[in-house]
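As a plain string of letters, each chain reads:
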Amino acid sequence: MKNITKILYLVLLLTQIFFLEENHAQWNFSLSTNQEFNSNPFRSVTPSSDFISTYELGIEKEFDAFNILYYGSYNGFKTLSDINYYWHQFGIYSATENKIIGAYIEQRINKEENNYFDYQNYSAYIKNSFSFLNQKWNSGISFNYMNYANLSDFNNWIISASLNTSKSFNTKTTLIGAFTLNYKGFQDFSSYLDSTNGSAITNYNSEDVNVLQVEFNGRIAQSLFESTGLAFNFNAKKIISGSGFGASLFESTYGDMELYDDPISQEGFSLGGMLTQVFANQIIFKLRYFYYYKSYPSQGIYHSETEYDESVARLDFQNQFSSSITKTFYFGESSETALDLSLNIYLINNNSNSYYYNVSSAKTAIKNRRKPILAKAL
């Protein structure tokens, strides 16, 4: 009850701040709901299905020199209502023609039965675009600090630097390339206690745990016909130093992946493609498939529910299939207000040499989103 009171107070306070605007300031609002059936929402080897309802609110206020925003989402489970949770974010940023600088704070608030996953996240970033060799480039650097209220060993900070560019040709072909360098450090790491038997399974020092990773993304998109497009994606990750933090958390939660599947403490590659078809009345259909090969140098494997072997690194082979169909309805002559309706289907199959990560899930979701509602200040 205290957390809900704090949330309501924060929303009220932000509303009061937003109304203290100059006459030429502009509002942006978005509302959305997502109704989902998931056969395995917690990525468990003994799955249990559930219906999940998500309700989201976004408020953004544009001023002359900067913008402020607030986003919040409430996730409710039909069967396991004890793990319902609220996530929200407050941010500020300033944008010019070639540069964006900003910061945000986000928080996940769980009920007492699931407060194991409570966290606060603090981030700041700079993005810049420039021309070089007759080509437009986009660069960025960000700092992120994650604080887990009840899991101090996982508290971490990340510095990321990125560079990307794209090139289009008369053949209606577009090439996109992106390079990212990630450094992740764990602030309060000591050791990890195996939740199965309560004994320390691995002892890392800071040099082992802190990890430097390089990532490359490539994409080629081709227009096949007037209303048909095809894109292929390639991603590769390589750990340069350190090994990351192998938590081997198999008691996952819904929505957050870092504790269960840290993207920086892994290496490997992925391949995939997406077919896009635009039908009459601007109905958009997308079909996607991706294959992932993931290696976790800091994690051993579970041969069974209790038998752990840290001499063998965990390897995962994952197949993801998804499809979506979306229709947008516009309101008003200016088309400033729109309603998106979409139906999404996801199928995931993860094969692993570690017992707890041989999981599959199927998800069907219907999403309604009203965006953006632009309103000039009175």
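In the block above lies the structure referred to throughout.
Position numbers for residues count from 1 along each chain, tracking the sequence in the order it is written. Only residues with pLDDT of at least 70 get local features here, since the model is predicted, and only at 80 or more are side-chain atom pairs given and counted; chain-wide, interface and lining totals rely on the full set of residues. Only hydrogens and water are set aside when side-chain values are computed; all heavy atoms of the structure are taken into account.

Engineer: Just to check I follow, could you spell out a nonpolar patch on the surface for this structure?
Structural biologist: Taken together, the side chains of Leu224, Phe225, Leu275, Leu287, Tyr289, Phe321, Ile325, Leu343, Ile345, Leu347 and Ile366 define a hydrophobic patch exposed on the protein surface, amounting to about 910 Å² of accessible area. Helical segments are the DSSP runs of H or I of at least four residues, strand segments are the runs of E of at least two, and each set is numbered from the N terminus. Broken down by secondary-structure element, the contributors of at least two residues to the nonpolar patch are strand 12 (211-225), strand 15 (283-296), strand 18 (314-331) and strand 19 (337-352). Looking at which element gives the most residues to the nonpolar patch, the answer is strand 19, with three residues. Assignment of secondary structure puts Tyr289 in strand 15. Patches here are clusters of residues that have more than 30% relative accessible area and form no salt bridge, with a 9 Å joining cutoff for like charges and a 5 Å cutoff for nonpolar side chains (Val, Leu, Ile, Met, Phe, Trp, Tyr). To measure how exposed things are, a 1.4 Å probe is used in the Shrake-Rupley method; for residues, cover is taken only from the protein chains shown. By definition here, a salt bridge exists when the distance from a side-chain nitrogen of Lys or Arg to a carboxyl oxygen of Asp or Glu is within 4 Å.

Engineer: I would appreciate a short explanation of the nonpolar core in the present structure.
Structural biologist: Nonpolar side chains in soluble globular proteins generally cluster together in the buried interior. Of all hydrophobic cores here, the largest spans 17 residues; its most connected members are Phe77, Tyr148, Phe154, Tyr254 and Leu259. Elements with a contribution of two residues or more to this core: strand 4 (85-95) and strand 7 (135-148). We call two residues in contact whenever any of their non-hydrogen atoms come within 4.5 Å of each other. Beyond its immediate chain neighbours, meaning those up to four positions away, Tyr148 contacts Asp118, Tyr119, Phe154, Asn155, Asn156, Glu258 and Leu259. Put simply, buried Ala, Val, Leu, Ile, Met, Phe, Trp, Tyr and Cys residues joined by side-chain atoms within 4.5 Å make one nonpolar core. Buried, partly exposed and exposed residues are distinguished by accessible area as a fraction of the type maximum, computed with a 1.4 Å probe on protein chains only: under 20%, between the cut-offs, and over 50%, respectively.

Engineer: Looking at this structure, I do not really get the environment of Thr96. What am I missing?
Structural biologist: Its location among the elements puts Thr96 in the loop between strand 4 and strand 5 (99-110). Take Thr96: its relative accessible area is 56%, and that puts it in the exposed class. Sequence-wise, Thr96 and Phe66 are 30 residues apart; in three dimensions their C-alpha atoms are separated by 9.5 Å.

Engineer: Sorry if this is basic, but what is going on with the packing of aromatic side chains here?
Structural biologist: Pairs of aromatic rings are described using the distance from one ring centre to the other and the angle between the two planes. Between rings of Phe, Tyr and Trp, where Trp is taken as its six-membered ring, a pair exists when centres lie within 6.5 Å; planes separated by under 30 degrees are stacked, by over 60 edge-to-face, and by other angles tilted. Summed over the entire model, instances satisfying the criterion amount to 17 aromatic pairs. Relative to Tyr357, the ring of Tyr260 lies with its centre 5.6 Å away and its plane at 45 degrees, an arrangement referred to as tilted. Of this pair, Tyr260 sits in the loop between strand 13 (228-241) and strand 14 (267-278) while Tyr357 is found in the loop between strand 19 and strand 20 (359-376), placing the two residues 97 residues apart along the sequence. Judged by its relative accessible area of 8%, Tyr260 is buried.

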